[in-house]
Structures are given as structure tokens and as C-alpha cells.
Amino acid sequence: MYIYDQRDHTLLGERVDQFKRQTKRFLSGELTEEEFLPLRLQNGLYVQRLAPMLRIAVPYGMLSSLQVRKLAHITRHYDKGYCHVTTRQNIQLNWPRLEDVPEILEELASVSMHAIQTSGNCIRNVTSDAFAGVADDEVADPRPYCELVRQWSTLHPEFAFLPRKFKIAINGTQQDRVAMKFHDIGLQIVDHEQQGLGFEVYVGGGMGRTPVIGQQVRDFLPQQYLLSYLCAIVRTYNRLGRRDNKYKARIKILVKAMGVEKFRTLVEEEWLKIKDSYALLSTDDVEKARSYFTEPKSIKDAASQSESVKPQTSNEDMEVLNPAFSQWLTRNVRAHRNPTYAAVTLSLKPTGVAPGDITADQLDILADLAERYSQGELRTTHEQNVVLADVSRDQLFSLWIEARGAGFATPNIETLTDIVCCPGGDFCALANAKSLPIAESIQKTFDDMDYVYDLGELSLNISGCMNACAHHHVSDIGILGVDKKGEEFYQVMLGGDDGRRKAAIGKVLGPASAREAIPRVVQRILDVFLEHRIANESFAEVYQRIGLSYFKERVYG
Amino acid sequence: MDKLLQLDQGKSGWSVDRSIEFDERSYLSADQNSPSASDSKVWLFTLSQWQLARHKLDLTGIHCGLLLDADADLSDIAEDLPRFGVVVIDFPHFNDGRGFSLGAQLREHYQFRGEMRAAGYLLVDQLNYLLRCGFDSFSFRNNVDPETAVSALSDFSDSYQPSVAV
Ligand code: SF4
């Protein structure tokens, strides 16, 4: 994982000092509320319904045990003993005190962490696949590029006051696992026969109140031009994006309004002027970034020795002995590029816990598990779980026992109850409705794991308002909180796809329903799915085949 | 007219001037007399004024400056840019970041080497970034504390990315 150098530390320290001064000026009245707003947002500080919220950056989801322990300490001492993993792989504190924030930032800085640009109208944290570097269908590890983009975009002098927020995702596998086409910029790594590694570039995707699928602006960008091309896109957007209406200010609106052809022409024009300037990446730059993400030596060595070492009790034996372990292996463990290793997803979605929430004690345990089982590193996922990416297969059973004790072993990954959910009306000032109780009622209703497994892969996402933080437009079943004359209602949509199969925006099923009705609505949707299912078809496949009407009839008929 | 706080970079560091009124660097407008070479003032043209004036007026020996709105398109006047000793870019509001890119392009694409001034409603917290986008003087329309402003120029001693600042 990337290790901070002197420059990172200097900049981070200076940023903390700067924010200390800014907070002081605000508290003394020298800065108005309006003037302080972009400054605090760009340091991750929101004002929420009940308290401030601090969003901590987790660059492309990577955390070390040391950092996780620090997070445990911070949630314990400055908050109420728990935090929340977001759908953009970041971590949120829900109850910090404004006066404490500079101190929290200082604590974070001591372990190479920060909250820079986690909100505000600037370039946000770059997201990527939680299985980066271990996935077997990977074209190239996206993390070195993510790190280059992180450095380029952090404290970028030109792009801190964009028309609106700006999100970039980089996908390194053949399957899109980062919802690339739903980002302001999505980059798909490709290995070009003649030109080597580079990117397909997509722009103008997004969720929110106007969901749009991103369009391709370039089919191949050689890797050395990564930063200059990003610069050309963001510069074009910064100059021409709308600023008169915040709901029309995202780049997707600009691209739609002028058409992708025109947008491409402008970007290419700008790019030609800067492509060979200081923004050009040298082979050294890329190699240096890559050097932080090489396969750990112990794993490499294990590969060569794998023939000779055999665990005393194999996972197969254990599976027979213990069906629960077997379930977990099926649902929560996936292949590692190295066959003697596996990538394990620890579920943060047991029934009754807000999806993505994690307590200080659990953080300590996580740090510990990562240290003992997975090279001292872990990753947050955009489905709000945690991944230990490098677990030796002969340790899976003992990891399972420990994870179970800590509440991390719910075997529900990528199933109905692995619900993606925003904090909603319980915390968020923008919410139209609560989202957490909906998640809980669904988990409670569908508590028969055999039934849930039988449904197969199924995503259900719940957002508390149109801002769509839980990406409800791109899940098999999406639920959106709406406000009807002051009352909380929920709109259901079906058929969204974040890009795993083919990017698609879900379609609204019909009029919104009351909170109590939602589990029943979901039940009916699942009934229709099971009735029409052929062999082992997934929900998405059945929906593709039969469309919306049967579902509509059953729910509203 | 409001007094401005103006920051200029001299040989001995940054100087602060509070005594300046905005029309010190006068606008040229239709009802004004033609500028004369004896005038030591900088004649500040808006883009449209310049487009009219450059063919009609004898500007030999006149100190010319250009006042740009944040959405200005530079391509039309690229050739004229070396004529200006100063380009002032207007920031209508600190949240409006277009001027950052306009400034960067002026330096980067048009190799403008004269004084480049950010003027308008600005936060001192933006000064370091503005500097790195190539601006080298600042006029605040809003109230700011000069000392805070000067110290904010060096909020950061290093940077992740190279920038256009010469
Ligand atoms: S979707 Fe709406 S309610 Fe949920 S976190 Fe985002 S802004 Fe808040």
C-alpha cells in the first residue's frame, strides 16, 4: 500500500494548520457562515441534522491496521463509539464536535489520513475495486493509477471551486466493478496491443436526481496522458459548467446539453495544448506508483511452495463438518490470483445493524484480524463491507471462527440482505425519509437464509432522498425515500445495473408506498421473480427477459 | 467607490496597499477623452471596449490593461495580449472558480508574461491556489485583514502537482 513520503506529511500538516486557523476565524466571526462553508466542506465537515458529520478519506478503500486502530480511538474519544462506511469507500463520523475537528484531523494526520476533499465542489476521493491486485480477471492493478490521481487532484490549485462535486472511478477488471459509467469520469484500464496500458475514458455519468450513463469520450488514452487528459476534462467543465442552478451544475448536464461530440472536441483541443507539458507522466512516475502495490513477498513465496505445504485439516473437511462454514466459504470468500490465497469479505450487514456501521471495538478487532490474516491491510468496499484481500487458504477456518465472534461473518455477501443503504433521515439533513428502518425491516422479513440463498445474487439499495447516495438507481431493486405532503413514502424501482452486466438505470415500478408496506412489496417482487425464473437465472436475467409489467401487476394489481 | 486591499509582489516581498481606489486604473469609456501617452495611468479596457478601441484609437505609448470577465473567450484577442501590461480577471464570487482556469490558460496557452491580477470577492484562503494558477497581484472587493492575507499566500510550502506559476 502507498506509504506517505515527506511531501505528503508536510502538506497534510500544513493543511491541518490552515484549517485550525480557518476554524478560529470562523468562530471569532471573521469568516461568515457562507465563507466558511467551502472551507469546512473541503475538509470533510458537514453540518447534519443532529450534529456535524466528518467524512474521512479512504483513498480507493485501502487501510492499514495502524490506521484502523486510530479510527477506533477517534470514534471512541470524539464520537459515540461507532462510525459508518460509505458507498464511496470513505468513513463517516456522525457526532464529532466542531471545535474538536482540527484535533481529530491532527490525529488522522499522525497515521497518514485526512478528510481533504471528501466533500465540497472539488475532485473527490477516487474509488476502485476492493479486489484490486488480487482479482483474477484483472487487466492491471488500478491502485497505482488511483494513487497518481489522488496526488494530482489533492489540493489542486485550479479545481477547488468547480461548479459542483466531481467523482472519478478507475476500473481494472474486465467486469465493471466500480460503477464506472455512473461517475463524472470513469476510466477503464485496457491493455492495447501496440500502445500498452491505457484507458477508455467515459464522462458525464452520474446518479442523483438525474441519473445518466456516462459516454465514451476516448476509446484509448495511453497511460502517460492520464493526468493531462483529466486536466483537460476538468478544465473544460470548470470553465463551461453551469453555475446558476446547483441541480444542473454537474458535468453530466454540460455533456448532455452540448452533446458528447462537441464536448469531446473541446476536451481534445485543450488536451493537445497541454498533453506534453508538465502533466505528462514518465515511465518512472508510473513505475514508482506501481512499486507500492506489488504482491507481498510472502504471498509470492507461498505460490512457489504451495506444492509442498498442505494444511493439516483442509477446508473441505471443515465444510463437511460445518455447513455454516461452508455457506460462508461460498458467499464471502472469493478467488485470489494466487490459488493458495483467498479474498474474504467481512459483512457489515448483520440484521439489526445499520448497513456499513461499525463500532470502535469492532474496528480494533478488524485491525487485529487484518494484521494476523491479511498482511496488515484491509479494504472498504463500495457495497459498505470490508475485505481482507490476502488470506492464506489454510487459515480460512480460524478466520471464520474469529470473524463470527466479532459479528463479521454473516454469510450474505451479494445477496438480498447485503443491503446498501445511506444514513438517511436518522442522520442526514437532506433526507426526505428514513432509510435504515427500511433496511432493518427487510432483513427481518427475509431472515430465512436458505430462501435468501435460493434467490441468488441480488442487490437492494436504499437512499433517503434523490441524491442517491446508496445508488438505488443501479441495483436490482432500488428504494427511494420521498416526501409526500410531509409524510415519508418509498418509491421502488427495478432493473438497475451498476455496470457489472451492462450499465442500466432502474425503472420506477409505480406509486410510492408507505414504510410498513415495503417488505410486502419486496416479497411480491420476489414471488414474481421466482415464478418466472428458469433454472438458475438471476433476478437481473429474469427482469431482462420479462420486463416491468408482471411485477407492476402483482404489486399494484 | 470602495477602497480596495491590494497585494502586490515587489522585490522585497509582498506589499499591501489600502489606499487605492478602484478607478485608479481607469476604465476607458465612450464619454472619456482619449488616453494620451503622457498619462502614466494604466488604461483598463474591458474585452468589448478593447475590440472597439484597438482599431479606432491611437494607442501608441499608452499603458493598456485588460479587464476580463470569468467567462471571457481569449481566442479572439490572442494576438493582442502582449500589448497589455496587466490583465485583471474578475471573480464575481469566491465560489465561482472559472477565473482559476482562465488565469491558468492565459499563462499556459497564451504565454502571457505581464501582471495577472485576481480582483473581486475572494477569500484569503484562495490566495495560495491563485498564486499557483499564475496570478501575481490581488484586489479584494470584500473586507479582509491584510496580515491574514499575506500569510495565507504561503499556506502551503510544497505541492503535489506542478502548476503554471512561473
Ligand atoms: S441519499 Fe439523501 S438522505 Fe441519503 S445520505 Fe444521501 S443526501 Fe442523505
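Residues numbered from 1 in each chain as written. Chains lettered and ligands numbered in written order. Predicted model: local features only at pLDDT ≥ 70, side-chain atom pairs only at ≥ 80, totals over all residues. Heavy atoms only, no water.

### Description of the domain arrangement of chain A
All names here are of chain A. Applicable threshold: What counts as a domain boundary in this text is fixed by an automatic or database domain assignment. Accessible-area loss on putting two parts together, using a 1.4 Å probe and summing over both, is the definition of buried area adopted here. One side-chain nitrogen of Lys or Arg within 4 Å of one carboxyl oxygen of Asp or Glu is enough to make a salt bridge. Identification of polar contacts relies on pairs of N or O atoms within 3.5 Å, with a donor-acceptor requirement for protein atoms, meaning one able to donate a hydrogen and the other able to accept it, and with residues adjacent in sequence counted only if both atoms are side-chain atoms. Note on residue categories: nonpolar means Ala, Val, Leu, Ile, Met, Phe, Trp, Tyr, Cys or Pro, charged means Asp, Glu, Lys or Arg, and polar means any other residue, Gly included.
When the domains of chain A are assigned, the result is domain 1 (6-109), domain 2 (143-286), domain 3 (304-406) and domain 4 (420-556). Measuring from the centre of the C-alpha atoms in domain 2 to the corresponding centre in domain 4 gives 31 Å. Summed over both partners, the interface of domain 2 with domain 4 comes to about 1100 Å²; 67% of that surface belongs to carbon and sulfur atoms. Between the two partners, domain 2 and domain 4, sit 0 salt bridges. At the junction of domain 2 with domain 4, the criterion picks out 3 residue pairs in polar contact (both at pLDDT 80 or more). By residue class, the composition of the side of domain 2 that touches domain 4 is 7 nonpolar, 2 polar and 4 charged.

### Observations concerning unusual backbone geometry
Residues and elements named next belong to chain A. In plain terms, the rule: The helix count covers DSSP runs of H or I at least four residues long, the strand count covers runs of E at least two residues long, and both are numbered beginning at the N terminus. Exposure categories follow from relative accessible area, calculated using a 1.4 Å probe and restricted to protein chains: below 20% of the type maximum is buried, above 50% is exposed, and the middle band is partly exposed.
Residue tyrosine 60 is not a glycine yet carries a positive backbone phi of 40 degrees. Along the chain, tyrosine 60 turns up in the loop between strand S2 (52-56) and strand S3 (62-64). With a relative accessible area of 4%, tyrosine 60 lands in the buried category. Unlike most non-glycine residues, alanine 535 shows phi in positive territory, near 50 degrees. Turning to its location among the elements, alanine 535 is positioned in the loop between helix H17 (518-532) and helix H18 (539-546).

### Let's talk about the interface of chain B and chain A
How we decide: Contacts were defined at the residue level, with two residues in contact if any of their heavy atoms lie within 4.5 Å.
Contacts between the two partners involve 37 residues from chain B, matched on the other side by 36 residues from chain A. Summed over both sides, the interface of chain B with chain A buries roughly 3300 Å², with 52% coming from carbon and sulfur. Its largest share of buried area at the contact with chain A, chain B owes to Tyr129, Phe156 and Tyr160 of chain B, together 24% of the area lost on that side. Where chain B packs against chain A, one counts 4 salt bridges. One salt bridge connects glutamate 108 of chain B with arginine 235 of chain A, and the closest N-O pair in it is separated by 3.3 Å. For the pair chain B and chain A, the interface holds 24 residue pairs in polar contact (both at pLDDT 80 or more).

### Overview of empty space enclosed by the protein
Rules: As defined here, a cavity is a set of points on a 1 Å grid over the protein atoms alone where a 1.4 Å probe fits but cannot get out. A pocket is an open set with protein on both sides within 12 Å along at least five of seven lines, and residues line them when an atom is within 4 Å of a point. Grid points are joined across faces, edges and corners, and a volume is the space filled by probe spheres set on the points.
For the coordinates displayed, the defined rule picks out 7 cavities of 30 Å³ or more. Computed from the structure, the largest cavity encloses a volume of approximately 130 Å³. Arg15, Leu39 and Phe161 of chain A together with Asp125 and Tyr129 of chain B are, among the 14 residues lining the largest cavity, the residues nearest its centre. Looking at the lining of the largest cavity, the elements with two or more residues in it are helix H1 (6-27) and helix H2 (33-41) of chain A together with helix H3 (127-132) of chain B. Counting residues per element, the lining of the largest cavity draws most heavily on H1 of chain A, which supplies 3 residues. Per-class residue counts for the lining of the largest cavity are 6 nonpolar, 6 polar and 2 charged.

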